[in-house]
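Descriptive structure summary
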Amino acid sequence: ATMSSVYRNLTLIQSLHLVNLAQHYLHMPICHSHYIECPPMGLETLKIDDFQLHASTTKRYGLGAHRGRLNIQAGLYEDDLYDGAWCAGRDDPLQWFEVDARRLTKFTGVITQGRSSLWSSDWVTSYKVMVSNDSHTWITLKNGSADLIFSANREKEIPVRNIFPTPVVARYIRVNPRSWFNIGNICMRVEILGCPMPDPNNYYHRRNEVITTDDLDFRHHSYKEMRQLMKVVNEMCPNITRIYNIGKSQSGLKLYAIELSDNPGEHEVGEPEFRYAAGSHGNEVLGRELLLLLMQFMCLEYLSGNQRIRHLVEETRIHLLPSVNPDGYEKAFEVGSELSGWSLGRWSNDGIDIHHNFPDLNSILWEAEAKKWIPRKMFNHHVPIPEWYQSKNASVAVETRALIAWMEKIPFVLGGNLQGGELVVTFPYDKTRSQGVTREQTPTPDDHVFRWLAFSYASTHRLMTDANRRVCHTEDFAKEDGTVNGASWHTAAGSMNDFSYLHTNCFELSMYVGCDKFPHESELPEEWENNRESLLVFMEQVHRGIKGVVRDLQGRGIANAKVSVEGISHDVRTAADGDYWRLLNPGEYRVTARAEGYSLSSKKCEVGYEMGATRCDFTISRTNLSRIKEIMEKFNKQPIRLPVRQLQARRSRERRMGT
């Protein structure tokens, strides 16, 4: 209340100016033929500050007005700080939830939800709406001469939108609950639809404006529109792009990817492969649109001669998969950004969470470590997929199987999967090592590398590391520099990140790119600005560490050779041409290359701070035993018959040596 009064005093002159403007706007008729529904003001996206939200009474701090935001989530265990709604201190028709727009705004509608809670059932079933220009005199929206009563929620999760019969211009708006679930309390999560009125004197609005100069297609795309946009990018940049699909969804939609490279369609020796994937949860759509924007941006910047983009495209083979779960996306897209709620479209058509549908290789590795099977019976990397998982009866989504085939086919070095609903970058392991523990730091052998990779994205994002930003829901990730070990957040077996690290050479991280899973179209330009630099910087990290080729004495590349770094219990393997990439932080490392049938070779490799992987090649020779085996196989495993003279000479040598 104190901070609220400070803000109001600071803007007293501005408020008087707004009241004068309001006298003009309130008496101006609004033509219904030009009535365009306004976008959300930003309670869910946090554009509306906590200080702009007020309420008549509050049950407790954790259920204060600042928690009355659409789709805000409560923690597993509700507490005094982070609960899932505004809840009134009393249950009577005198309660209200208020939003101060801080400028004259054309209000066109209200969206409401009940309380996010595993333990309580609270929602409002009807309400009135009131507006004001000075927060003292309030006008109730009317239906003729009677107060207009809006029907609200029938349960707590599905959002309900009410559009006003006529838009109304004011600075303040209140939602006044009139009835609520009969065995619950007055609790609401709210979004207001409103268009700011022109006011060049409004400093607060200008200070918070983010404008992009990139001329891109800022809108939500249906499946067909996504496919068409990818085709347009391919036609604009045919020499550096290729469209392909990695498989189909459960309903038969192709999972389209686009490749950006100076030699599309081919793996080039020594050139690392990078991937971004998005939309494994179909309702987390911001990542999907960011990848569609990224492919447009890189094509246009390449054509304009941007040296940074040209270097990325010419030195990296980049793969973008914008929609892993197109079936789920179509469900959310059909309802729209504000009404899809928190979960509609999250799962595949057959109800599977694709991101957590991979085999649990963590348990297999950790059990082998406990039994001291590594490295005699099992390796510390490329953990095989168990047989049960590959059976037709296993609960594995077709999309997951397509992802696995894609990950096994291409020698990816680094990858990021874009998700939503938070602002944080998570890194493996995602599963806790201790059984029955839901949260526990569970680092990989490459923990320092993963932390650097996560920080490279978070630190260049406009908001992730801002210590003053409001938490999305219940976790203050800004304290951790916008990054977190997945298992220390919440344990999850069979994640894409853990599978990628344990089954392939690829280091995979999850980027949660926004508090709002499905932001309104009008938010896309700002979200692009929030994430653009991060998307580019993270791609560039694929060029950190060491790279090289493992060859035999004839100069031929050796596929599937193991490359080990002393002190890090996680090896990588060479690709089909013998080339490899090993992500490492700056420092000096003892590196060993070995392959079946070959002698091992070790050398010191130094990684500097400048961008660009250090070249570290190996030449290894065949062992005597492997040559003997090869000769025996050539002669169909029969004893090799030596000429008589050679046989006599050998026997003579053996007699002289006493053997």
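Structure: above.
Computed from a prediction, not measured in an experiment: that's the story for all the values here. (Residues numbered from 1 in each chain as written. Predicted model: local features only at pLDDT ≥ 70, side-chain atom pairs only at ≥ 80, totals over all residues. Heavy atoms only, no water.)

Here we look at the environment of T105
- Tracing the sequence through the fold places T105 in strand β3 (residues 97-113).
- By relative accessible area, T105 is classed as buried at 2%.
- Taking C-alpha positions, T105 is 5.4 Å from V169, a pair spaced 64 residues apart along the chain.
- Sequence-distant contacts of T105, that is, excluding residues within four places in its chain, are made with M41, V168, V169, A170, G194, C195, P196 and M197. (Helix = DSSP H or I, 4+ residues; strand = E, 2+ residues; numbered from the N terminus. Buried < 20%, exposed > 50% of the residue type's maximum accessible area, 1.4 Å probe, protein only. Contact = heavy atoms within 4.5 Å.)

Thoughts on the layout of surface pockets
- Here the second largest pocket is characterised by a volume of approximately 1200 Å³.
- Contributing to the lining of the second largest pocket are 39 residues, with Q73, A74, L76, W342 and H490 lying nearest its centre.
- Among the residues forming the lining of the second largest pocket, the class breakdown is 13 nonpolar, 17 polar and nine charged.
- Two domains each provide a minimum of three residues to the lining of the second largest pocket, namely domain 1 (50-199) and domain 2 (239-542). (1 Å grid on protein atoms, 1.4 Å probe; cavity = no way out; pocket = protein on both sides within 12 Å on 5 of 7 lines; lining within 4 Å. Points joined across faces, edges and corners; volume = space filled by probe spheres on them. Nonpolar A, V, L, I, M, F, W, Y, C, P; charged D, E, K, R; others polar. Domains from an automatic or database assignment.)

Focus on empty space enclosed by the protein
- All chains considered together, the criterion is met by five cavities of 30 Å³ or more.
- Considered as a void within the structure, the largest cavity measures approximately 80 Å³ in volume.
- Forming the boundary of the largest cavity are H355, H356, T426, D430, G486, W489, H490, A492, N497, S510 and Y512.
- Counting only elements with at least two residues in the lining of the largest cavity, the list comes to α12 (486-489) and β18 (507-514).
- Looking at the lining of the largest cavity residue by residue, the classes come out as three nonpolar, seven polar and one charged.

Things to note about the packing of aromatic side chains
- In total, this model carries 22 aromatic pairs according to the counting rule given.
- Look at Y501 and F507: their rings are 5.4 Å apart centre to centre, the planes differ by 85°, and that puts the pair in the edge-to-face class.
- On the basis of relative accessibility, which here comes to 2%, the residue F507 falls in the buried class.
- Aromatic ring contacts, followed pair by pair, group W366, Y429, F450, Y501 and F507 into a single cluster.
- Its guanidinium or amino end placed over the ring of W96, R174 lies 3.6 Å from that ring's centre, counting from NZ or CZ.
- We note K603 situated over the ring of F618; from NZ or CZ to the ring centre the distance is 5.1 Å. (Phe/Tyr/Trp six-rings, centres within 6.5 Å; stacked < 30°, edge-to-face > 60°. Lys NZ or Arg CZ within 6 Å of the ring centre and 35° of its normal.)

Digging into the state of the cysteines
- Going through the model one piece at a time under the given rule, you end up with five disulfides.
- Across the disulfide from C237 sits C299; the S-S distance is 2.0 Å. On the sign convention where negative is left-handed, the bridge of C237 and C299, at about 90° about the S-S bond, is right-handed. Highlighted residues: C237 in the loop between α4 (223-236) and β11 (241-248) and C299 in helix α5 (residues 286-303), separated in sequence by 62 residues.
- The disulfide that involves C605 links it to C616, with 1.8 Å between the sulfurs. Of this pair, C605 sits in strand β24 (residues 601-607) while C616 sits in the loop between β25 (614-615) and β26 (618-619), placing them 11 residues apart in sequence.
- For C605, a relative accessible area of 3% corresponds to the buried category.
- Across the protein chain, the way the bonded cysteines pair up, counted in sequence order, is 1-4, 2-3, 5-6, 7-8, 9-10. (Disulfide = S-S within 2.5 Å.)

Re unusual backbone geometry
- Cis geometry marks the peptide bond from I374 to P375, where omega comes out at 5°.
- In this structure, P375 sits in the loop between α8 (361-370) and α9 (387-390).
- Each neighbour pair has its own omega, and for P428 with Y429 the value is 0°, a cis peptide bond.
- For Y429, the location among the structural elements is in the loop between β16 (422-427) and α11 (447-458).
- In this model, N71 sits at a positive phi of 70°, which is unusual for a non-glycine residue.
- You can see N71 is positioned in the loop between β1 (53-55) and β2 (86-87).
- Positive phi, normally seen in glycine, also occurs at N560, with a value near 65°.
- Its place among the elements puts N560 in the loop between β19 (546-551) and β20 (562-565).
- When its relative accessible area of 44% is taken as the criterion, N560 is described as partly exposed.

So, the nonpolar core
- Y276, L294, M298, L403 and L509 are the most contacted members of the largest nonpolar core, which has 94 residues in total.
- Ranked by residues supplied to this core, first place goes to α5 with 11 residues.
- Viewed by domain, this core spans two of them, domain 2 (239-542) and domain 3 (546-635), each represented by three or more residues.
- The contacts of Y276, once residues within four sequence positions are left out, are L291, L294, H319, L320, L321, G416, L418, Y457, S534, L535, F538 and M539. (Core = buried A, V, L, I, M, F, W, Y, C linked by side-chain atoms within 4.5 Å.)

What to know about a nonpolar patch on the surface
- Side chains of L76, Y77, L118 and W119 sit close together on the surface and give an oily, nonpolar patch of about 560 Å² of accessible area.
- Checked against the element boundaries, L118 lands in the loop between β3 and β4 (124-132). (Patch = residues over 30% accessible without salt bridge, like charges linked within 9 Å, V, L, I, M, F, W, Y side chains within 5 Å. Areas by Shrake-Rupley, 256 points an atom, 1.4 Å probe, with all protein chains shown as cover. Salt bridge = Lys/Arg side-chain N within 4 Å of Asp/Glu carboxyl O.)

Thoughts on the packing of α8 against helix α13 (residues 496-503)
- It is at 9 Å that the axes of α8 and α13 come closest, and there the two elements cross at 45°. Looking at the two axes, α8 sits oblique to α13. Across the interface between the two elements, L361, N362 and L365 of α8 pack against D498, F499, L502 and H503 of α13. (Axes fitted to C-alpha atoms, helices over the stretch in contact; angles between N-to-C directions. Parallel < 35°, antiparallel > 145°, perpendicular 65-115°, else oblique.)

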